[in-house]
Amino acid sequence: QVQLVESGGGLVQAGDSLRLTCAASGLTFESYTMAWFRQAPGKEREFVAMISSGGRSSSYADSVRGRFAISRDNTKNTVSLQMNTLTLEDTAVYYCAADRFGGWTRASTFYDLWGQGTQVTVSS
């Protein structure tokens, strides 16, 4: 069964850090571009970060660049998102996504596998 399962969300205060992890199963993980998206209440889902299949390239949304870091471990089939200096605007449901064709795009429509999401809430 192909699936992505996120973990690590929670309630934190502004300025805190949080690490999200996505565990993949049932797929050839090392062939997939992996990404994180998020969706805040009343807003559209937006791109956060992505990492190439081999882990050598990454890209970030302007709003998180310098605060967030994406990484992957192809031996464990996991991708992580280290989030530092969190702000109220980072409150959202965070989704892990996979592109089976190993493309390089921020468009969510090109990602064909999605996790169920994990809630991140940042309080003041």
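One structure accompanies this document, and this report is about it.

Here is what the cut-offs are and how they apply
Residues numbered from 1 in each chain as written. Predicted model: local features only at pLDDT ≥ 70, side-chain atom pairs only at ≥ 80, totals over all residues. Heavy atoms only, no water. Salt bridge = Lys/Arg side-chain N within 4 Å of Asp/Glu carboxyl O. Disulfide = S-S within 2.5 Å. Helix = DSSP H or I, 4+ residues; strand = E, 2+ residues; numbered from the N terminus. Buried < 20%, exposed > 50% of the residue type's maximum accessible area, 1.4 Å probe, protein only. Core = buried A, V, L, I, M, F, W, Y, C linked by side-chain atoms within 4.5 Å. Contact = heavy atoms within 4.5 Å. Phe/Tyr/Trp six-rings, centres within 6.5 Å; stacked < 30°, edge-to-face > 60°. Lys, Arg positive; Asp, Glu negative; His and termini not counted. Polar contact = N/O pair within 3.5 Å; in protein donor to acceptor, adjacent residues only side chain to side chain.

### What about the pattern of salt bridges?
Enumeration according to the criterion identifies 5 salt bridges in this entry. Its salt-bridge partner being Arg-38, residue Glu-46 comes within 2.6 Å of it at the nearest N-O pair. Two residues, Arg-65 and Asp-62, come together in a salt bridge whose shortest N-O distance is 2.6 Å. Three or more residues are tied together by salt bridges with common partners; here these are Arg-38, Glu-46, Arg-67 and Asp-90.

### A word on the state of the cysteines
Per the counting criterion, the structure on display carries 1 disulfide. Here Cys-22 pairs with Cys-96 through a disulfide, and the sulfurs are 2.2 Å apart. Between Cys-22 and Cys-96 the disulfide shows an S-S torsion of about -75°. By sign, it is left-handed. With Cys-22 in strand β3 (residues 18–25) and Cys-96 in strand β9 (residues 92–99), this pair connects stretches of sequence that are 74 residues apart. The exposure classification of Cys-22 matches that of Cys-96, with both residues buried.

### Some words on the nonpolar core
Judged by nonpolar contacts, the single largest core of 37 residues is most densely connected at Met-34, Trp-36, Val-79, Leu-81, Met-83 and Tyr-94. Residue assignment for this core shows that the elements contributing at least two residues are β3, β4 (33–39), β5 (46–51), β7 (68–73), β8 (78–83), β9 and β11 (118–123). Apart from the residues lying within four places of it in its own chain, the contact partners of Tyr-94 are Glu-6, Leu-20, Trp-36, Phe-37, Arg-38, Val-48, Phe-68, Leu-81, Met-83, Gly-117, Thr-118 and Val-120.

### Thoughts on the packing of aromatic side chains
For any two aromatic rings, the description comes down to two numbers: the centre-to-centre distance and the angle of the planes. In total, this model carries 4 aromatic pairs according to the counting rule given. Taking 5.9 Å as the distance between ring centres and 75° as the angle between the ring planes, the aromatic pair formed by Phe-37 and Phe-47 counts as edge-to-face. With Phe-37 in strand β4 and Phe-47 in strand β5, the pair connects residues that are 10 residues apart, well separated along the chain. By relative accessible area, which is 1% here, Phe-37 ends up buried. You can call Phe-47 buried: its relative accessible area is 9%. Ring geometry for Phe-37 against Tyr-111: centres 5.4 Å apart, planes inclined by 70°, an arrangement best described as edge-to-face. Highlighted residues: Phe-37 in strand β4 and Tyr-111 in the loop between β9 and β10 (113–114), separated in sequence by 74 residues. Using a relative accessible area of 3% as the deciding quantity, one classes Tyr-111 as buried.

### A few points about the side chain of Arg-72
Looking at the secondary structure, you find Arg-72 in strand β7. No salt bridge is formed by the buried Arg-72, whose closest oppositely charged neighbour, Glu-30, lies at an N-O distance of 6.8 Å. Here Ser-53 takes part through its backbone oxygen, which lies 3.4 Å from a polar atom of the side chain of Arg-72. Not counting the four nearest positions on each side in its chain, Arg-72 is found in contact with Phe-29, Glu-30, Tyr-32, Thr-33, Met-34, Ile-51, Ser-52, Ser-53, Gly-55, Thr-78 and Val-79.

Interpretation note: all reported values are geometric properties and have no functional meaning in isolation.
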